[in-house]
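Residue-level listing of the chains:
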Amino acid sequence: MKKYKGCLCQIDLPLTYKDNQCKLPICPQASGGFKWHLHHHHHRRSSTASRFTGKFENSFSISYLHRSREMAAAPTAKIRRSRFVIEPEEAEQMRKEKGLETLRDLLPALLPAARQLARPPISKFHVGAAALGSSGRIYLGANIEFPGVPLHQTIHAEQFLITNAALHSETSIPFIAISELPCGHCRQFFQEIRSASQIQILVTGDFRPLSDFLPNPFGPSDLLHEEVPLLLEPHFNDLIEEVGEFGGELEERLRKAALQAARASHAPYSGSVSGFAMADGEGKVYAGSYTESAAYNPSLGPVQAAFVAYVVAGGGGGVGGGGGALGGG
Ligand SMILES: [Zn+2]
């Protein structure tokens, strides 16, 4: 792969090139060009404690991501309200309308809508997921695939779901419904949540604990001290702000968003906390935090997390025809 100055490929991101132009790894309906900023710090862990000590910095400057022909021709998304988050009042209303006893019973009813939100141009295999947070909010997730790039960049519906919940500062998701049996990768990713074994998951039939899906798990408790925050718990990574010239107002917002995302990053195994922020053609900023797994490979990169934020906010265009899977509005 050819490397371009100021391009995302400099940081090992899933881009392919055609006619010397970047091809952004998002739904072909993605809108506008992007600016982006990655904040990445590597910490060395002390040998005696789980606290981080020492650090060296590896920061990338702001660059412009070229607008591809396909993107230039794509329509701009105009979605005012996220289809991926249902506020508690609305969830309660939906529960009553459907005559359901509890909010968790609403989750399986939302799966057909969640599946419609998937963007799997490679597999054509739509997966939808829904979770009830302890806040009373409901979150949806769907799988996203990026054609023409390595498959490990794929975002599974369950990872989307957890990232969506984390974006909204949800601290636990005790009930989850999924349209398909979760793959091993996602069963492992769930382990990164405290008391994961007690999370209740419904695929078909009744809710069953995650421990039914992944008995004898390997997880954070095998590698971390108990007091280290886990996924969905607040993180305040101690990072130093970069100094220097960063360009205009948008670049400054990108830099701050990437830094904030890096501070929230869950990277207790490598100490490589990272955040990524990008802006669409309208100057709206979307940021994502790097999230590690105790099994390492199921970790989710900050760029994928930023794409989740982008899609949750209505970016990348709608799929499955208009109308809003949750009733629009
Ligand atoms: Zn999966």
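Residues numbered from 1 in each chain as written. Predicted model: local features only at pLDDT ≥ 70, side-chain atom pairs only at ≥ 80, totals over all residues.

1. A word on the environment of Ala313
For the record, the criterion: Numbered from the N terminus, helices here are DSSP runs of H or I no shorter than four residues, and strands are runs of E no shorter than two. Three exposure classes are used, based on other C-beta atoms lying within 10 Å of a residue's own C-beta, which is placed from the backbone: buried for 20 or more, exposed for 12 or fewer, and partly exposed in between. This entry defines residue contacts through backbone-placed C-beta atoms, with two residues in contact when those atoms are within 7 Å.
Within the secondary structure, Ala313 is located in the segment after helix H8 (302–312). The exposure class assigned to Ala313 is partly exposed, which follows from the 18 C-beta atoms found within 10 Å. In the structure, Ala313 is positioned 229 residues away from Phe84 in sequence and 8.2 Å away in space, judged by C-alpha atoms. Ala313 has contacts with Ser82 and Tyr286, leaving out every residue within four places of it along the chain.

2. Brief notes about the packing of helix H4 (residues 157–167) against H8
Selection rule: Axis angles are defined between N-to-C directions and span 0 to 180 degrees, where every axis is a line fitted to C-alpha atoms and, for a helix, only to the segment in contact. Angular relationships are summarised with four words: roughly parallel below 35 degrees, roughly antiparallel beyond 145, roughly perpendicular across 65 to 115, and oblique for the angles in between. Amino acid classes used here: Ala, Val, Leu, Ile, Met, Phe, Trp, Tyr, Cys and Pro are nonpolar; Asp, Glu, Lys and Arg are charged; the rest, including Gly, are polar.
Where H4 contacts H8, the axes come no closer than 10 Å and their chain directions differ by 75°. The orientation of H4 with respect to H8, classified from their angle, is roughly perpendicular. Between H4 and H8, the contacting residues are Phe160, Thr163, Asn164 and Leu167 on the first element and Ala305, Val308, Ala309 and Val312 on the second. Here the residues of the contact of H4 with H8 sort into six nonpolar, two polar and no charged.

3. With respect to the pairing of strand E9 (residues 175–178)
Within a regular strand, the side chains alternate between the two sheet faces. Which entries qualify depends on this criterion: At least two bridges found by DSSP between two strands are what make those strands a pair. Orient the strands so they point away from the viewer; a crossover is then right-handed if the path from the first strand over the helix to the second runs clockwise.
Because side chains alternate across E9, one face comprises the buried residues Phe175 and Ala177, and the other comprises Ile176 and Ile178, equally buried. Pairing of strand E7 (residues 128–132) with E9 involves four bridges; the strand directions are antiparallel. Within E9, the residue paired with Ala129 across the bridge is Ile178. Here E9 pairs with strand E10 (residues 200–202) via three bridges, running parallel. Its bridge partner lying in E10, Ala177 is registered against Leu202. On the question of chirality, the crossover connecting E9 to the parallel E10 by way of helix H5 (residues 184–190) is right-handed.

Interpretation in functional terms is not warranted from these geometric data alone.
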